[in-house]
Each structure stands twice: as C-alpha cells, then as structure tokens.
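# Structure assessment
Chain by chain, the residues run as shown.
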Amino acid sequence: MSAATLIAREEWRVLARNRAGLIASALLVLLILVASFTSLERRSAIEADRERYQTSTDETFDAQPDRHPHRMVHYGQFVFRPIAPLAFFDAGVDSFTGNTIFLEGHRQNSANFAEARQSSLLLRFGQLTPAFVLQTLAPLLIIFLAFASVARENERATLKLMLSQGVSGRSVMAGKLLGHGAIALGVGLPAFAVLIAFAATGAAEWASVALMILGYAAWLLLWAALGVVVSALAGRPRDALAILIGLWMVIVILLPRALPEAASAQSQLATKIETEIALHRDLLEIGDSHDPDDPYFNDFRDQVLARYGVETVEELPVQYAGLVSIEGERLTTQIYADAADRQIASESEQNAFVHAFSIVSPLIAIRQVSMALAGSDPAAHYDFLDQAENFRYDFVQRLNRMQAELLPGIEGEDPRISAAYWQQIPRFAYDTRDPLARPQSLLWPFAVLLGWLAVLAGLAFIAARRIGKSAR
Amino acid sequence: MLDDTGAAIAIEGLHHSYGSNAVLRGLDLTVRRGEIYALLGGNGAGKSTTLSALLGFLAPEAGTVRVCGIDPVSDPRAARAAMAYVPENVSLYEHLSARENIGYFLALAEAKRGEDAIENSLSAVGLAPEAWDKRMSGFSKGMRQKVAIALALARDVPVLLLDEPTSGLDPRAVLEFNRLLDAAREREVAVLMVTHDIVSAVDIADRIGFLGQGRIEEEREASATGPRFDLNALHDRYAYAGAAA
C-alpha cells in the first residue's frame, strides 16, 4: 500500500474515532435525507394542488354558458406551471418567480403566487432542499473535518516524524487530499443516492442526474482540497480554521448575496409602475379603434374593405369589430413582447454579471449547474412565460376569429355562440424544458469548478514542496 | 552502508544559515557504527539544524553530509530508510494506541515488521503491556517518549538520531533508556544524541562533542579505565559553552 493510501486511511480512522466529527457528519447526512424527503413530499403536494386547480379552472371555463366570444377573451384562463422533476432537489428561483399566470386578452400578466411572497421570512433565506444543504452546510462540515489535517501534524511534530520515515511531502499532500476528498464525497453520497433512485424510477433523465452528481462532486471536492491546502499553508490549526471560515463566509454567504445587489445597481430594472406607464404610453400610440379619425385604424379599415371588395364595414361577410380585435391583439402583443424581451435582456445582463464572478465564488457556479439541471433556473421560468404567452395569443386570436367569422350569422342585439366552440380550444400543456437543450450554458460553471480544482491542485503542489522545508 | 572512513554519520565542513544568522560554520562530525555520540550545545547552537541536515530537510550551503554513505539531500528516501529519528516532544497520534502508532509509522517507512517486533520494542522501552492497546491521549509525556523510542527501535536501522531523548523521562526510565542504547551499540547501531542532559550523556556516550560557534569546539572520549568522563569538568565546560552561546 502506498504512503498516500496509508495516510488517507489514517484520515478516515481519525474521523471514525472522532465523536464530534461523527455526530456532525451523521447530522448532515440526516439533514440531506430529511431535506430530500420533505422536498419530494412538498413537490408532490404542490403538483397535486396544481393539477386540482388546473382541472377546476378548466371545468369552470368549459362550464361557461353560450356567450359573446369577446366576453370569453376577458374571462380568460389560469394556467399553472408544472414543477420540473428535479426541482425537488433544487427549488432554484421557482419560489420567487411564481408558477401561475392568468391569461386574458389585450395584456400579458406576470406570474403570480410565488411561494416566497406567501410564506414565512425563513423561506427567503433558503428552503431546506438537498441543494441548500450541499451548497451551504456541507462545506462547513468539510472545513471542520479538514482544517487540522496537515496543520496539526506540523504542530505536534508528527509531520516531521512522518517525513523522517521516508515519506515525501507530495505523498503527505496526496494522502490528505485523497482522505478528505473521499470523506467529502461520502458526505454527498446520500444526496447522490436519492438522485440515482429518483432517476431509476424514470422521473428524471439519467444525463441530468449524472451531470448534477458530477457538479456537486466537484463542489464538495473543491472544499476538501481547500481545507487541506489551507491547513498545509497556514501552519497552525487555529489559523487554518480562521482562514477557512472566512473563505466560507465570503464564498458562500457574502458574495452570492452582495453580487446581485451590485448587478442591480449596475443594470437597473424598471419598476412595475414604470413598466406599466411605459406600456400604457406605447399602447396609446397604437391608436384608438373607436376613434373615426384615428389614422392607423382608418387605414386598417380601408385595407380590409379593399381586401373584401366592399365599400362599407356593414357589407363585410365578417364582423369588422372581430377583425379589429384580431389586429389590436396582434399590436398589443407585440408591445408586450418587446417589453418582456427588454425585461429579460436586463435580467439576463444582471445574471451574466453575477455569473462572471463565479470565478471568485464557485457557489455561483454550482448554483448555475444545479438550477439549470433541476429545471428551476431563470431560463426555465422564461420558457414557461414564453409558452404561456404563445398559448395566450393563440387562445385569444381563436376567440377573436370566432367573433369575426361566426357572429355575422347570428341575429339579435346580444349575439352569442355556443359554448361548444371554446370547449374545443386546446388546453395549455406545458412542454417541460429539457435542461440539456442548451448544454453550452453549463460549460462556464463547470469550467469554473474545474478551474478551482486545478488551481487548488497547483497550490497543493506548492504546499507539498513547502512541507519538506517547514519540517526543519 | 559505510563511507570510506567507516563512519555511519559523516559531516564535513557543513555551513548553514537562517537568513543572516550563520548557525553552522564548518561543522565536522563523524559517528561510527556501534558508537554513541552525545552532541551538547546551548540553545540556538545548531543541534537541531544538524539533525535536519542529516534528515535531508535542508540543503547545506557548503560541506557534505552522508548517512551510511548516502547524501540525504540528493536521495532522502534512501538516507531516511537507513535512520530512525525521535523528535523532541513528539506527541504521536492521540486517537491511536501505542501499538497502532508504531504499526502505522512502520508501514509508512515500508518496514515490514511483525506484531512480535512491535511488542518487543514496546517491552524494551519499559512500557507496561496493559498500555500497549490504550489510546495515547491518556499517556504521560514520558510514556509518549517511550513509544517514540520504541518506534525507532522497531525500525531496526543502522543509525539512530535522537533529539533530547530523555526529556520527560523519569530517572528510572532514563536508566532503562540507557540500557536500550547499550543494546543498540552492541548491534553496531550508530547513535547521535542531541541533548541537554549531561548526566545521561556521561552515563552512555562514547564521545561527547560541544557545539559552539557553529562547529565542534571540543570533543571528549570516554575513558576505558576509571570514570568514563569527568562530570564536573564537563559541567563547567558545558556551562561555559552555554554562556558563550
């Protein structure tokens, strides 16, 4: 057995005989399991609620009596976003973005009923998910187990004794890294087992699960390597612990919270009121279809009359108001779409600013990987908004076409069409986004994690050379 | 395993400085097989630096160092395989027993020794058998020192480097330790002992060297007849050297 393997085994024996370390490790494992099962339970409950609400709103929609189609445009529809399978592991931004949209004519509504807006303050500081435990708490445990790995050997002269047996500094570092790397992976093992079990049921894609495990393995190994390297370079255990706790606070607590604030300051988003005012202004510029002197709609009317080869709107074979609704919806939708694109572009700019700093805070990188693969990142939210908006536009325009095409054949002052027409309109079915559809979005965060590991390997090499010298 | 002069340890013209502080200034020192050499010197005289040079932890600025003919800087692995080292105030691993500590360090040294060899060495240093399998967290300083010495004995190598080996040992344990060194001498082991314990040095050493001004200032050899050394004269010499340092 090589010296490195012997030293690694000794680190495991240290842990096995360290009651405090064992209890802390057992608690963390328990926390991961509890977080996994409560998250799965919460996901099932939310999914059941979502299905119940969707069925209820669909039934209510279908139960509407014969009506004027435009009334159904304003009656609208609620659509719910299904939770991505792996979102139980990492809730990502789901808790903040909302999962329900009311779809109606003439306007785009934002998603509502975000969990964080309805829940306790505690939720805003981090939902208890396996991702939260692995991202925030696991590094603390790994630090606690690794901070003294080399420094204590140095302090107690066992390092010198070890070297005097013919062991090289490189073997010492390799053994410590191997030992604590394996311990770190052991800490993540219950979470990995839950992910594998989840994939085995067919609920999640194996590729996503494999990449998720790979990402978290790199994250945990990074902390093990950081713990050992700082322990070797700091010299004294208490110095190593102070440095590592400081690094944890900066990397895990401070930067991931401060950077979004900095991003907001650098690229400010319009407030809801500002957005509403801008939209209102743009909508006013379209024109007023009820104004006989409105140049745009006068022109539109002339084009319609020319297309049908008639002189007046009364001679049209379709209802002119229905055609105006179709055109009005097209125009307002374009304005809303442009505003949404600007909003997404600004948010993406902020996200890009934060992601660039993952070089100094790899937590940002593992969050990116985790949320993207869990389907709970901003891109998944935008995808839901996009699909919901496409559905809304199609739904409203179908009703507008019904108004234009069916109403001219109906007599009376209160013309109505059969409810059977809108009962035939397809219901919203969210096509869950494939997390691996844009693999390039994972390249940067993975590169950051691997870059950190490479830098730490370089520092470990330097520390190995210093070990021989410090043993004087 | 020996150099041309037959010395297991051979240091010639060794210079070493820490920054502007020249610690060793032309140190010459030889220890032959079957010889116990006690190196005395005041604090900062360079005793530990000498041991570090022998272990290959530092490269000499000038001069040569050989352990059994091997340069410990160019081939530290081979040199360290030929010597066992007992640091001062070593605490070993508190979560391991004495037996496990020795087994672990022997494995690191790739020294394949059976349980018998470990028990013999523990027995030789006078550690009670009921303590062999107890965790060292409850051991006294003297007991820890005995385990470290037992490890050095279990290595069964031609050179022993001892840094203040009797520090923390009670008088009886010092006597037992001296008997162990006697046995080592009979096995042709070369022992270099860095110590402040002049009494122990007088009892066991074949030669005593006074380290001062970065070199051996004076060397005395044990008399074959009568008292081995003149303790009073040595004490005065040592006190003088300490004052000078």
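Every chain is numbered on its own, with residues counted from 1 as its sequence reads. Each chain gets a letter, beginning with A, and each ligand a number, beginning with 1, in the order they are written. pLDDT decides what is reported in this predicted model: residues at 70 or higher carry local features, side-chain atom pairs at 80 or more are listed and counted, and totals for whole chains, interfaces and linings draw on all residues regardless.

### Quick notes on the overall build of chain B
- Segments assigned H or I by DSSP are reported as helices when at least four residues long, segments assigned E as strands when at least two residues long, and all are numbered from the N terminus. Per the secondary structure count, chain B includes 8 helices and 9 strands.
- The quantity called the radius of gyration is restricted to C-alpha atoms. Its globule counterpart is 2.2 Å times the number of residues to the power 0.38. Since a compact globule built from 245 residues should have a radius of gyration of about 18 Å, the 18 Å found for chain B is in line with a globular shape.
- Each principal axis of the C-alpha atoms in chain B carries an extent, and together these give about 45 × 40 × 35 Å.
- For chain B, with 245 residues in total, the buried portion stands at 44%.
- For chain B, restricting intrachain contacts to residue pairs at least 6 apart in sequence, the fraction spanning at least 24 positions comes to 72%. Each residue is classified by how many other C-beta atoms fall within 10 Å of its C-beta atom, where C-beta atoms are placed from the backbone; a count of 20 or more means buried, 12 or fewer means exposed, and values in between mean partly exposed. Whether two residues are in contact is decided by their C-beta atoms, placed from the backbone, lying within 7 Å.

### Quick look at the overall build of chain A
- From N to C terminus, chain A includes 19 helices and 2 strands.
- In terms of overall size, chain A is more extended than a compact globule, its C-alpha atoms giving a radius of gyration of 30 Å where 472 residues would be expected to give roughly 23 Å.
- Considering chain A as a whole, with its 472 residues, one finds that 38% of them fall into the buried category.
- Put simply, of all contacts in chain A between residues at least 6 apart along the chain, 82% involve residues at least 24 apart.

### Section: the sheet that holds strand β1 (residues 7–18) of chain B
Residue and element names in this part refer to chain B.
- The antiparallel open sheet is built from 3 strands, whose spatial order is β2-β1-β4. Strand pairing shows two members of the sheet lacking a second neighbour, β2 (21–32) and β4 (62–67), which therefore form its edges. Geometrically, the sheet is characterised by an average inter-axis angle of 20° between neighbouring strands, direction not taken into account.
- Pairs of strands are assigned from DSSP output, requiring at least two bridges between the strands. As paired strands, β1 and β2 are joined by 9 bridges and run antiparallel to one another. The residue of β2 that forms the bridge with His-16 is Leu-24. Angular values range over 0 to 180 degrees, each being the angle between N-to-C directions of two axes fitted as lines to C-alpha atoms, with helices fitted over their stretch in contact.

### Focus: the confidence of the model for chain B
- pLDDT measures the predictor's confidence residue by residue and takes values from 0 up to 100. Averaged over all residues, the pLDDT of chain B is 86; the fraction at 70 or higher stands at 95%.
- The ipTM for the predicted assembly is 0.87, set against a pTM of 0.85.

### What about the interface of chain B and chain A?
- Every contact between the two is made by 20 residues of chain B and, on the other side, 18 residues of chain A.
- For the side of chain B that touches chain A, the leading source of residues is helix α3 (residues 98–108) of chain B, giving 4 residues.

### Points about the packing of helix α11 (residues 206–234) of chain A against helix α16 (residues 362–374) of chain A
All names here are of chain A.
- α16 packs onto α11 with a crossing angle of 165° between their chain directions and a minimal axis gap of 9 Å. Here α11 is positioned roughly antiparallel relative to α16, judged by the angle of their axes. By crossing handedness, the relation of α11 to α16 is classed as left-handed. Where α11 approaches α16, its residues Ser-208, Leu-211, Met-212, Gly-215, Tyr-216, Trp-219 and Leu-222 are matched on the opposing element by Pro-362, Ile-366, Val-369, Ser-370 and Leu-373.
- As a working rule, the residues Ala, Val, Leu, Ile, Met, Phe, Trp, Tyr, Cys and Pro are called nonpolar, Asp, Glu, Lys and Arg charged, and the rest polar, with Gly in that last group. A class-by-class count of the residues in the contact of α11 with α16 yields 9 nonpolar, 3 polar and no charged. Oblique is the label for every angle not falling under 35 degrees (roughly parallel), over 145 degrees (roughly antiparallel), or within 65 to 115 degrees (roughly perpendicular). Left-handed describes a crossing whose near helix is turned anticlockwise from the far helix through less than a right angle; right-handed describes the clockwise counterpart.

### A look at the environment of Leu-153 of chain B
All names here are of chain B.
- Inspection of the secondary structure puts Leu-153 in helix α5 (residues 141–155).
- Sequence-wise, Leu-153 and Ala-84 are 69 residues apart; in three dimensions their C-alpha atoms are separated by 7.8 Å.
- When near neighbours in sequence (up to four residues on either side) are disregarded, Leu-153 contacts Ser-121, Ala-124 and Leu-180.

### Some thoughts on the sheet that holds strand β3 (residues 36–41) of chain B
Residues and elements named next belong to chain B.
- Taken in spatial order, the 6 strands line up as β5-β6-β7-β3-β8-β9 in an open sheet, and their pairing is mixed. Two strands lie at the open edges of the sheet, namely β5 (83–86) and β9 (215–221), each paired on one side alone. Sheet twist, expressed as the average angle between the axes of neighbouring strands with direction ignored, equals 15°.
- Relative to strand β8 (residues 207–212), β3 is paired through 5 bridges, and the arrangement is parallel. From the neighbouring strand, Gly-41 faces β8, where its bridge partner is Leu-211.
- Lying over the sheet, α5 contacts β5 and β6 (159–163), oriented at roughly 180° with respect to β5.

### With respect to the packing of helix α7 (residues 130–146) of chain A against helix α10 (residues 169–200) of chain A
Residue and element names in this part refer to chain A.
- Relative to each other, α7 and α10 sit at 160°, their axes nearing to 10 Å. Here α10 runs roughly antiparallel to α7, going by the angle between their axes. The two elements α7 and α10 meet at a crossing, and its hand is right-handed. Packed against α7, whose contacting residues are Pro-130, Leu-134, Ala-138, Leu-141, Ile-142, Leu-145 and Ala-146, the element α10 presents His-180, Ile-183, Ala-184, Val-187, Gly-188, Ala-191 and Val-194 at the interface.
- Of the residues in the contact of α7 with α10, the class split is 12 nonpolar, 2 polar and no charged.

### Examining the nonpolar core
- Structurally, a nonpolar core is described as a collection of buried Ala, Val, Leu, Ile, Met, Phe, Trp, Tyr and Cys residues joined by way of C-beta atoms within 7 Å. Membership of the largest hydrophobic core comes to 186 residues, with the highest contact counts inside it found for Ile-142 of chain A together with Ile-9 and Val-191 of chain B.
- Ranked by residue count, the leading element in this core is α11 of chain A, at 19 residues.
- Aside from chain neighbours lying at most four places away, what touches Val-191 of chain B is Ile-36, Tyr-37, Leu-160, Leu-162, Leu-181 and Ala-184 of chain B.

### What to know about helix α1 (residues 47–55) of chain B
Residue and element names in this part refer to chain B.
- Of all 9 residues that make up α1, 8 are buried, and the element is covered over most of its length.
- For α1, every residue scored as buried is listed here: Lys-47, Thr-49, Thr-50, Leu-51, Ser-52, Ala-53, Leu-54 and Leu-55.
- Taken from the residues just after α1, Gly-56 is the one with a positive phi, measuring 80°.

### A look at unusual backbone geometry
- Its identity as a non-glycine residue notwithstanding, Cys-68 of chain B has a phi of 55°, on the positive side.
- With respect to the helices, strands and loops of the structure, Cys-68 of chain B is situated in the loop between β4 and α2 (76–81).

### A closer look at the environment of Asp-434 of chain A
Residues and elements named next belong to chain A.
- Mapped onto the fold, Asp-434 is located in the loop between α18 (419–423) and α19 (440–470).
- Of the residues examined, Asp-434 has 13 C-beta atoms within 10 Å and is grouped as partly exposed.
- A C-alpha to C-alpha distance of 9.5 Å links Asp-434 and Ala-372, two positions 62 residues apart in sequence.

### Digging into the confidence of the model for chain A
Residue and element names in this part refer to chain A.
- Mean pLDDT for chain A: 86, with 94% of residues reaching 70 or above.
- Mean pLDDT in chain A bottoms out at helix α6 (residues 121–124), which sits at 45, and peaks at α11, which reaches 96.
- In this model residues 116–125 is a low-confidence stretch, pLDDT under 50, and it forms 7 contacts with partners more than four residues away in sequence or in other chains.

### A closer look at the environment of Ala-3 of chain A
All names here are of chain A.
- Structurally, Ala-3 can be placed in helix α1 (residues 3–16).
- The class for Ala-3 is buried, based on 21 C-beta atoms found within 10 Å.
- Sequence separation of Ala-3 and Pro-82 is 79 residues, and the distance between their C-alpha atoms is 53 Å.

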